[in-house]
Structure formats: structure tokens, C-alpha cells
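Reading the structure
Each chain, written out:
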Amino acid sequence: MTDDKVIESNSKPLKSSDSLDRRFSIAPMMDWTTSDYRVFARTLTKQTLLYTEMVTSGALLQGSNPERFLRYDECEHPLALQLGGSDAKDLGKCAKMAEQHDFDEVNLNVGCPSDRVQNSLIGACLMAHPEKVKDAMKAMQDACDLPVTIKHRIGLDDEESYDFVRDFVGEIATTGVTTFIVHARNAILQGLSPKENREVPPLKYHYVHQLKQDFPDLEIIINGGIKTIEESQEQLTKVDGVMVGREAYHNPWLLSQVDEALFHGQPLVTDRYQALEAFVPYVERKLNESERLLHLTRHILGIFQGEAGGKQFRRYLSEKGHKADATINVLLEAIDLVKHHQHKG
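Residues numbered from 1 in each chain as written. Predicted model: local features only at pLDDT ≥ 70, side-chain atom pairs only at ≥ 80, totals over all residues. Heavy atoms only, no water.

1. Things to note about the overall build of the protein chain
Condition: Secondary structure elements follow DSSP: runs of H or I no shorter than four residues count as helices, runs of E no shorter than two count as strands, and numbering proceeds from the N terminus. Values of the radius of gyration come from C-alpha atoms, whereas the globule rule sets the reference at 2.2 Å times the count of residues to the power 0.38. Exposure is judged per residue with a 1.4 Å probe applied to protein chains only, and the accessible area is read against the type maximum: over 50% gives exposed, under 20% gives buried, and values in between give partly exposed. Should any heavy atoms of two residues lie within 4.5 Å, those residues are counted as being in contact. Only the protein chains shown count as cover for residues, and the accessible areas themselves come from Shrake-Rupley with a 1.4 Å probe. Within this scheme the basic residues Lys and Arg register as positive and the acidic residues Asp and Glu register as negative, but His and the chain ends are omitted. One atom stands in for each charge, and that atom is NZ of Lys, CZ of Arg, CG of Asp or CD of Glu.
Across its full length, the protein chain holds 17 helices and eight strands. Relative to a compact globule of 345 residues, whose C-alpha radius of gyration would be 20 Å, the protein chain shows 21 Å and is just as compact. With respect to the principal axes defined by its C-alpha atoms, the protein chain has extents near 60 × 60 × 40 Å. Taking all 345 residues of the protein chain together, the buried fraction comes to 52%. Considering only contacts in the protein chain between residues 6 or more positions apart, those separated by 24 or more positions represent 72%. Carbon together with sulfur atoms contributes 48% to the accessible area of the protein chain, which is approximately 16,000 Å² in total. Mean positive and mean negative side-chain charge positions of the protein chain (40 and 52 charges, respectively) differ by 5 Å.

Pasting the structure below:
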């Protein structure tokens, strides 16, 4: 019996950054990349790497219900847990929790510019404290066998020099971290809202491309402002992967092209109705677990973006889906509304 146990534990494959294909991923977005959204994304793409919303180390270690941040549906793999925090010991404990809950990667957020997180030394402000980040990355790697990755900006406030991000990446890479997800904008810590921080600081893709040239052995993923498959393909000639954020949420049909165009696999669906059909059983299950329809359907409002009947679909779900007693029929009726609209057109 003992021998069997030894063989079993030794045969467990170690997860490394190499075992995950990060050619295309969806950015972690607060209130948006919930489990419900990720399940819907999986009706459109099998290969895309998905991320949770950022979860703070405090929520996992001091919160009353840490499990709710760690729950997900099996179909969501490959799935990464993104952490927010700065205390190395705490982040190590959280990385261990990520491994125990079978996530495929654990990522540290060093890019969020929100005032709320700055006060706790979370997010982009950590770029000014590379030693703290190094301690965190070491602790996370020591605590688990998952790939440990980092997401950060190219600079802080009016620090415009490429040298800043080059030196930051060089420092963090000494810990053994090999995957860097780089949002190609500065983070302005004072005076801009998180929304403005996604739009006002100029995109400098050439900084991220230069990082790949300066650190050819590191995996460099580019993030920020990328909206199409064609742009993604172009970026992949210069870096190792592309992370798309808001476009993947507002225009989820984009994801249906990813498996074929970027991973050279078979598309999961050929039309939007197939994706919705695949999502319906999940919605029914969640409604039976007392989740409200609106919480589920808010993530799919953009599936008919740019299509005939798209506005009617959104309006119907928004008006009827918010009611406490809304059933699956509201979603089915909304889908039928689009079919009727397109057939008539």
C-alpha cells in the first residue's frame, strides 16, 4: 500500500508555465469575468485561457465565505485565479488554495490603478516596490506547483521611459517567473478613474514588443485595446500571447473564431443560436439553485451585437429578466424574438 502511494504521488505531473497555451486569453475584469460569464465563454471557445475576477488575499484569508471566490464549473478549464495583495506570506497561502482548488495558474495583479486597492498596496502601485513583488512571487512559487504569473503595466504616472518596465521585468524574472502579461499603458495613480486609466494613457505596444526582444526566454503576453482576431494575429508575430478584455465581454461572438484562427482547431459553434442553446441547461440549473435570471443573462447581452434583432434581444432580457420570478422562458422568448426579426428581415 505504501509503495502504491509513493508511485501515485510521484507520478503527478508538475504544472509549469509551458503546459498552458496562452496564445489567447480573456482579461480578469471585476464584476464581469464571473463564473457565469466564463461558462458562456466556453460555449464559444474551448482553447482560450480564462481568468477569474481579481480576488484579494484578504477576501480569501479573512472573509466569511472564501469558497465563493474559488467556485467554478468544470467546463471553465483552463482557468487561472488572479490574486490581489502585497503580503508575501498571505499570497503564498492563497496560491496554495488555488492549487487545492485545481486552478491551472495563479496570477498576481500588479496593474489595477483603482484608489480602493492602492490604499491596501494592491495593483499597479506595487510596480514602485519591485522587492515586495519579488518576495510575493517567490512565496507563491514556493507554496504551489502551479505556474505563477504576473500582470502589470508599462509604467506609473509620468514615468514614460521604456527602461522602467524593462528593469521591472528583469528584476521580477530573477525569481523564476517566466510569464509576464503586460498592459501596454501607464497607470495614472492620481486623477484618473479606473475607466479613464483604460482609455487615456496612450497605448505603447512597441514597449511590449521590445520586452520580447530583450527577454526572448520569457513568455510575454500583450494586453490593452486589442479588439479583433486580425489584430491578435498581427500581435502574435511579435509576442507570445494576446489578452483581450472588454471586447470579449461586449462582443462575445469574437470568441467563436479563436479556436480555429489562433489555435488551428475546430470551431465549437457556427452560429450564435448554438452557443445560446449550449448555455440554456446551465441557466436552468442555476435558476433551480435560486440564482436570478438577470445575474446570468447580463453576460450574454452582446451576443447579437451588430446583428438584426440584437437591440430587441437586449431590451427584452433587460426589461423582463430583472424580475425576481423570471424563468428560463424569458431567455427562450428573447431568442425567438431575434429569430423572428431575422426571418422577417
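So much for the structure itself; the text now carries on.
2. So, the sheet that holds strand β5 (residues 148-156)
Working definition: the strands of a sheet are paired by backbone hydrogen bonds and lie parallel or antiparallel to each other. Convention followed: Pairs of strands are assigned from DSSP output, requiring at least two bridges between the strands. Every axis in this analysis is a line fitted to C-alpha atoms, fitted for helices over the stretch in contact. Angles between the N-to-C directions lie between 0 and 180 degrees.
Strands sit in the order β1-β8-β7-β6-β5-β4-β3-β2 across an open sheet of eight strands; the sheet is parallel. With one partner strand each, in any of the chains shown, β1 (24-26) and β2 (50-56) form the two edges of the open sheet. Direction aside, neighbouring strands of the sheet carry axes that sit 25° apart on average. Here five bridges tie strand β6 (residues 179-187) to strand β7 (residues 219-223), and the two strands are oriented parallel to one another. Each residue of the ladder has a partner; that of H183, found in β7, is N223. Helix α5 (residues 88-100) rests against β3 (79-84) and β4 (105-110) of the sheet, and its axis sits at about 160° to β3. On the sheet, helix α10 (residues 205-214) packs against β5, β6 and β7 and is oriented at approximately 170° with respect to β7.

3. Digging into the environment of S25
Along the chain, the position of S25 falls in strand β1. The spatial distance from the C-alpha of S25 to the C-alpha of A80 is 10.0 Å, given a sequence separation of 55 residues. If we ignore the near neighbours within four places in the chain, the residues touching S25 are T48, L49, Y51, V242, M243 and V244.

4. What about the pattern of salt bridges?
For the record, the criterion: We count a salt bridge whenever a side-chain nitrogen from Lys or Arg sits within 4 Å of a carboxyl oxygen from Asp or Glu.
The tally for this structure, following the rule as stated, stands at 16 salt bridges. A salt bridge links E171 to K134; its shortest N-O distance comes to 3.2 Å. With E171 in helix α8 (residues 162-173) and K134 in helix α7 (residues 130-143), the pair connects residues that are 37 residues apart, well separated along the chain. Judged by relative accessible area, K134 falls into the buried class, the value being 10%. The partner of E234 in a salt bridge is K238, and the shortest N-O contact between them spans 2.6 Å. One salt-bridge network, held together by shared partners, links R22, E105 and E219.

5. Brief notes about the packing of helix α16 (residues 310-321) against helix α17 (residues 328-344)
Heads up, the condition is: When describing relative orientation, an angle under 35 degrees is termed roughly parallel and one over 145 degrees roughly antiparallel, while 65 to 115 degrees is termed roughly perpendicular and anything else oblique. Left-handed is the label given to a crossing in which the near helix is rotated counterclockwise from the far helix by less than a right angle, and right-handed is the label when the rotation is clockwise. When residues are grouped by polarity, Ala, Val, Leu, Ile, Met, Phe, Trp, Tyr, Cys and Pro land in nonpolar, Asp, Glu, Lys and Arg in charged, and all others, Gly among them, in polar.
Put simply, α16 and α17 touch, their axes get as near as 9 Å, and they point 160° apart. As far as their axial angle goes, α17 and α16 are roughly antiparallel. For the crossing formed where α16 meets α17, the hand is right-handed. Along the contact surface, α16 presents Q312, F313, Y316, L317, K320 and G321, while α17 presents V330, L331, E333, A334, I335, L337, V338 and H341. Tallied by class, the residues present in the contact of α16 with α17 amount to nine nonpolar, three polar and two charged.

6. Focus on the packing of aromatic side chains
Going by this rule: Only rings of Phe, Tyr and Trp enter the pairing, Trp through its six-membered ring, and a pair is recorded when the two centres are within 6.5 Å. The plane angle decides the type: under 30 degrees is stacked, over 60 is edge-to-face, the rest tilted.
All chains considered together, the criterion is met by eight aromatic pairs. Centroid distance Y37 to Y249: 5.2 Å. Interplanar angle 35°. Geometry classified as tilted. Separated by 212 residues along the polypeptide, Y37 in helix α2 (residues 35-41) and Y249 in helix α12 (residues 246-250) bring together distant segments of the chain. In this pair, the class of Y37 matches that of Y249, namely buried. When the ring of F279 is compared with that of Y282, the centres are 5.6 Å apart and the planes differ by 25°; the resulting orientation is stacked.

7. Quick look at the pairing of β6
Note the cut-off: Note on handedness: a crossover is taken as right-handed if, strands pointing away from the viewer, the path from the first strand over the helix to the second is clockwise.
Within β6, nine of the nine residues are buried, which leaves it mostly tucked inside the rest of the structure. Each parallel crossover has a hand, and the one from β5 via α8 to β6 is right-handed.

8. A few points about the side chain of T149
Residue placement: T149 occurs in strand β5. You can call T149 buried: its relative accessible area is 0%. Ignoring anything within four residues of it in the chain, the contact list for T149 reads R22, Y51, E105, V106, N107, L108, M137, V177, T179 and I181.

9. Points about the side chain of R185
Tracing the backbone through its elements, the reader meets R185 in strand β6. In this structure R185 is buried but unpaired, with E199 as the nearest side chain of opposite charge at 7.5 Å. The residues touching R185, leaving out its near neighbours within four places in the chain, are R153, I154, G155, N197, R198, E199, P201, P202, L203 and G225.

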